[in-house]
Protein chains: 2
Amino acid sequence: MAEEIAQIASSSSAVLRPVSNASRVTALQNIHEYLRAGKGKILEANKADMEAAEKANVAAPLIKRLDLSKGDKFDTMLQGVLDVASLPDPLGNVTFANRLDDGLDLYRVTCPIGVLLVIFESRPEVIANITALAIKSGNAVILKGGKESFHSFAAISGLVREALEGTEIPPGAVQLIESRQEVSELLKQDKYIDLVVPRGSNELVRSIKSNTKIPVLGHADGLCSVYVHCDADVDMAARIVVDSKTNYVAACNAAESLLLQRSALQSHLPTLAKALIDAGVSLKVTPEISESLKQADVEGTASATIGSAEDKDFETEFLSLTIAVAAVEGVEEAIKHINSHSSKHTDSIVTASKEIADKFLNGVDSSGVFWNASTRFSDGFRYGFGTEVGISTSKIHARGPVGLEGLTCYQYQLRGTGQVVADYVGAGGKKEFKHENIDI
Amino acid sequence: MAEEIAQIASSSSAVLRPVSNASRVTALQNIHEYLRAGKGKILEANKADMEAAEKANVAAPLIKRLDLSKGDKFDTMLQGVLDVASLPDPLGNVTFANRLDDGLDLYRVTCPIGVLLVIFESRPEVIANITALAIKSGNAVILKGGKESFHSFAAISGLVREALEGTEIPPGAVQLIESRQEVSELLKQDKYIDLVVPRGSNELVRSIKSNTKIPVLGHADGLCSVYVHCDADVDMAARIVVDSKTNYVAACNAAESLLLQRSALQSHLPTLAKALIDAGVSLKVTPEISESLKQADVEGTASATIGSAEDKDFETEFLSLTIAVAAVEGVEEAIKHINSHSSKHTDSIVTASKEIADKFLNGVDSSGVFWNASTRFSDGFRYGFGTEVGISTSKIHARGPVGLEGLTCYQYQLRGTGQVVADYVGAGGKKEFKHENIDI
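Keep in mind it's a predicted model, so treat the numbers as computed, not measured. (Residues numbered from 1 in each chain as written. Chains lettered and ligands numbered in written order. Predicted model: local features only at pLDDT ≥ 70, side-chain atom pairs only at ≥ 80, totals over all residues. Heavy atoms only, no water.)

Description of the interface of chain B and chain A
Part 1 of the argument: Contacts between the two partners involve 76 residues from chain B, matched on the other side by 76 residues from chain A.
Part 2 of the argument: Carbon and sulfur atoms make up 54% of the area that chain B and chain A hide from each other, which totals about 6,700 Å².
Part 3 of the argument: Linking chain B with chain A are 12 salt bridges, by the criterion used here.
Part 4 of the argument: We note a salt bridge from D423 of chain A to R239 of chain B, for which the minimum N-O separation is 3.3 Å.
Part 5 of the argument: Along the contact surface separating chain B from chain A lie 51 residue pairs in polar contact (both at pLDDT 80 or more).
Part 6 of the argument: Listing elements by their share of the side of chain B that touches chain A, those giving two or more residues are strand 1 (94-101), strand 2 (104-112), helix 9 (202-210), helix 10 (234-246), helix 15 (354-363), strand 13 (368-373), helix 16 (380-383) and strand 16 (408-419) of chain B.
Part 7 of the argument: Per-element tally for the side of chain B that touches chain A: the top contributor is strand 16 of chain B, with 11 residues.
Part 8 of the argument: In this structure, strand 13 (residues 368-373) of chain A lies alongside strand 16 of chain B, joined through 5 bridges in parallel fashion. The residue of strand 16 of chain B that forms the bridge with G368 of chain A is Y412 of chain B. (Contact = heavy atoms within 4.5 Å. Buried area = accessible area lost by both parts, 1.4 Å probe. Salt bridge = Lys/Arg side-chain N within 4 Å of Asp/Glu carboxyl O. Polar contact = N/O pair within 3.5 Å; in protein donor to acceptor, adjacent residues only side chain to side chain. Helix = DSSP H or I, 4+ residues; strand = E, 2+ residues; numbered from the N terminus. Pairing = 2+ DSSP bridges.)

Below, the structure is given as C-alpha cells:
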C-alpha cells in the first residue's frame, strides 16, 4: 500500500518534472477555482472536524485553530494559492555556467527535488499552501496532516485532485494519507521518496530521522534567545525582548530566553524586567538575576518570578508567557551559551556597537542571527519570500524560512559537440580545459 | 570516547567559524610546509601500509593505489593543498539581500556547516585533500579512511595537527579515527556532528543512512548510461560510448549501460559494437540486440558477448570492461529506463537534435545530464571547481561534484534599528514591508 502510494508519486513526479511554468500556473488557478466553488463542502467537512474535536475534549484554543470559517481565513487560503502561482518560476534557472572548452558548455540548472513527504499539523489551511508550493516547484507530494483536521484535508485534497484532471499535472502528484502506520511504511520508500519535511516537535523530527534513510528537512522547535549588551539602548532592548517573547507565544520564532551582560544588570535589568512583567510574562531567573532584581525592587517581581532557572530551562520551549533569564560576562559567553543551548533557529543581539554585533552574527551558529530586531521577523512572509513551507532547523540544503527555492535542487547540464575526456589532460590527452565564465 | 571526539570537533568548529580567510590560508600553507618537510616520515609509513597489504594478499592494482611514492603523486598531493588555499573564500558571501523596511536589511550569508564526519577509501592522498577543503570552508572534520592506508593517514594527520599549532585553527579541527566501532558510535552524535560524507559503495552509504539521524551526503555508486538516438553521428556516438566505458573503468562516472534507439539498430549498432569490442569491452545484451548483432555479423561479437542481459544488469556497477546493452523505442523510453535503473549520477544522450536533447536533459533525474559528451566529464576538476570532496549522489543540498560550496550553508543576518513585528501588518500593526532588492 505504502509502496504503491510512493510509486504513484514517483511516476507522477516524472510527468510533472518537464511541465512548463505556464501549465503549473494554470493548474494552480484551477485549484483555486475548485476550492472557491467547493467552499460549502469544505466548511461542512471542517464543521465535522470541529464537532469531533469538541467531543474529544480538545482544548478550546486548538479548536479555534481548526476553524476555517473564522474571519477571512478561507479567503486568505484561496488567495495564498494564487500568490504562489504568481511567484517567479523556481525551475530552469541557471545558477552557474562555465565554458569547459569550445563547444563544451556546463550549466547548473535548478530542477525539482522529485517526491516530497510532508508531515504537518492540524491547521486545515496549511494543506492548500503546501500543495501550491509543491506543484509550483514541480514536485509530487504525499501529505499527512494532523488527524484533528482529517475531514477538512480530505475535502480539500479531493477538490485538488478533481481540479488537476484535465491539466498537465497528474492527480497522483498530490496524495493525502490518513494513518500514522502509513507514514512509518512510507519512511521505508527511499527508492521513491526524495525528501521528508516534518513540521512539528523536536521529538517528532528526531523520531522520523531515526526511522528513515530518506533525507529529512526538519522543522522543529524554536529555542530563540535575545542577548542584551551593556551599551544597548535600554528602551529598544525592552521593546525587542517584549515583542520577541509576547507577540505570538506559540510561534517557533518566539524568544524563550534572555541573556543580559553582567555589567548591564544595574542599568538594564530593572527596565527589561518591568516591561516583561507588565506584558504578563513570568520570569525564570538564575540566583544572580534574582539577587539583582531584589536590589532593584521592581514592582511585581515577587509574583512574576517563578522558581530558579536551571540549565535545562534554557533548553525548554515554553510556548507560553515564560522566559528564562541569565547573566553572561559578554558577547563571547553569550555566543557560547546560545550555541550550546539554542535550537539554532533565530537569535538576536541588542547593542549599539557594530563590532560587537558582527562578532555575534559571525559567531552564533543559527539559521537567523539578528541585530537590533525582534526574533519574530524570522518568517517567510516577512523575509519577502511570498510564502513558506515552514522554518527549517536543519543545517544543510535549506535553513530558516523555506520557500520555493528550498524545494528545488539542481542538475549539471553539459552541452557538448562530441568531446571525450581521453583527449584532455588528466585522462590521457593533451588538451587543456578553458574554464571560462559564461555570462548568465 | 566517540562523544569526546565529537565534542572536541564541535568546540573546535566554534573557534574555526569566525577565522578569517587569510588565517585559513596561512594554516593551509603551514600544512603544506609540514607535509613537504615530513615527506620521509610519510613515505616510511606508506611503505608499512604497502607491506601489510602484500602480506594480507591484497590485489596488486589495489596495492598500487596505496603507493604514495609512485610518480608525482606526492607532489600532486602537496600542490592540491596550495590549490585549495588559493580558491576564492567560500564563506561570508552574500547570496541574497532584501530591504524589509528602512533600517531593516536582510542578508543571506554563506557560512560553514560546522562538523563533518568524512568516511573515505584507502587512497592516502585523499586525506590531505579533504583536510584542505574542510579548513578552507571553515568546518571541523573527523576523518575515517580505509584501513589499508592507516599508517599513511596517521603520519599525514599527525603532521597536519603539528602544522596547526601556532595557527588560529585549533588542532582539534582535524581528527583521525581508526576503527569502524568508532564510526558507529560517532553516527549517534547528532548533537555535535552536522553532516556525514561517506564515499564508497551503495551498501556503505545505505547502511550509514540506516544508522544515523545526522544528514548524509552520499557519494555512492555511479550507474551511468549513454543513450544513442537514431540521428546521432555514428562516429561521435562510438567515441563517446567508448570513452564513457573504457577511459577509467573503476570510476563512478564510467558508463555501465548503453541504450540505443530501436530504429538505429541497423545503422548504428554494428559500428558501436565494433568500437567497444576493439576496446576490449564485453557486451551483455538483450535478445533483441543479440539478434541484431548476429545479422550484422560484426567481427569478434561471439566471443565478446557474455550472457543475456536481464533487468538487474542495468542496475549493476560492473567497474570493469563490461557494458549492458538494450534497445529502446525512443527518447521517452530512454528517460524512463534511466530514471528507473540508473543511480542518478550522470547520463548522456548522443543526438543531432537540440529538441530531443532538451527533452532528455529536462526529463532525466540525474545530477549530470549530458548532450554529446562523455559521462566521464562529470568531475570537479573538469567542471572547473578546482577540486572536489567527491561526487554526490544525494538529491538535496549538493549534487554531482562537490567542491567548497557544497561544504557551506548559509545564515540569514538581519540588521535592524530596533524594529519589532508588532508594528507591522500580520502581527498586530499597520506598517507595510518594503521588500526592496538590495544590490549585492
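Notes on the environment of V402 of chain B
Residues and elements named next belong to chain B.
Part 1 of the argument: Relative to the elements of secondary structure, V402 occurs in strand 15 (residues 400-402).
Part 2 of the argument: Distance from V402 to L217, taken between C-alpha atoms, is 9.8 Å for residues 185 residues apart in sequence.
Part 3 of the argument: Look past the residues within four positions of V402 in its chain and what remains in contact with it is L217, H219, T387, E388, V389, G390 and S392.

Quick word on the domain arrangement of chain A
All names here are of chain A.
Part 1 of the argument: Partitioning chain A into structural domains gives domain 1 (2-219 + 389-409) and domain 2 (224-382).
Part 2 of the argument: In this structure, domain 1 and domain 2 have C-alpha centres spaced 35 Å apart.
Part 3 of the argument: The contact between domain 1 and domain 2 buries some 690 Å² in all, and 56% of this surface belongs to carbon and sulfur atoms.
Part 4 of the argument: On the domain 1 side of the interface with domain 2, the three residues burying the most area are I391, T393 and R399, jointly 57% of the side's total.
Part 5 of the argument: Applying the counting rule to domain 1 against domain 2 returns 2 salt bridges.
Part 6 of the argument: Put simply, R399 and D365 hold a salt bridge, and the shortest N to O gap is 3.8 Å. (Domains from an automatic or database assignment.)

Some points on the pattern of salt bridges
Two side chains with opposite charge may pair up if their charged atoms get near one another.
Residues and elements named next belong to chain A.
Part 1 of the argument: Scanning the entire structure with this criterion turns up 54 salt bridges over all chains.
Part 2 of the argument: The residue E329 makes a salt bridge to R262 at a minimum N-O spacing of 2.7 Å. Taken together, the residues E329 in the loop between strand 11 (322-328) and helix 14 (331-341) and R262 in the loop between strand 8 (255-261) and helix 11 (265-278) connect sequence positions 67 residues apart.
Part 3 of the argument: The exposure class of E329 is partly exposed, given its relative accessible area of 48%. (Buried < 20%, exposed > 50% of the residue type's maximum accessible area, 1.4 Å probe, protein only.)

Notes on the pairing of strand 4 (residues 140-144) of chain B
Residues and elements named next belong to chain B.
Part 1 of the argument: Most of strand 4 is tucked away: 5 of the 5 residues are buried.
Part 2 of the argument: Taking every second residue as pointing to the same face, both faces of strand 4 are buried, with A140, I142 and K144 on one and V141 and L143 on the other.
Part 3 of the argument: When strand 3 (residues 115-119) meets strand 4, the two strands line up parallel, connected through 5 bridges. Among the inter-strand pairings, I119 is bridged to a residue of strand 4, identified as K144.
Part 4 of the argument: On the question of chirality, the crossover connecting strand 3 to the parallel strand 4 by way of helix 6 (residues 126-136) is right-handed.
Part 5 of the argument: Sheet topology note: the strand 4/strand 5 (residues 174-176) ladder contains 3 bridges and is parallel. When the bridges of strand 5 are listed, L143 appears paired with L176.
Part 6 of the argument: In this fold, the crossover linking strand 4 to strand 5 by way of helix 7 (residues 150-164) has right-handed handedness. (Right-handed = clockwise from strand over helix to strand, strands pointing away.)

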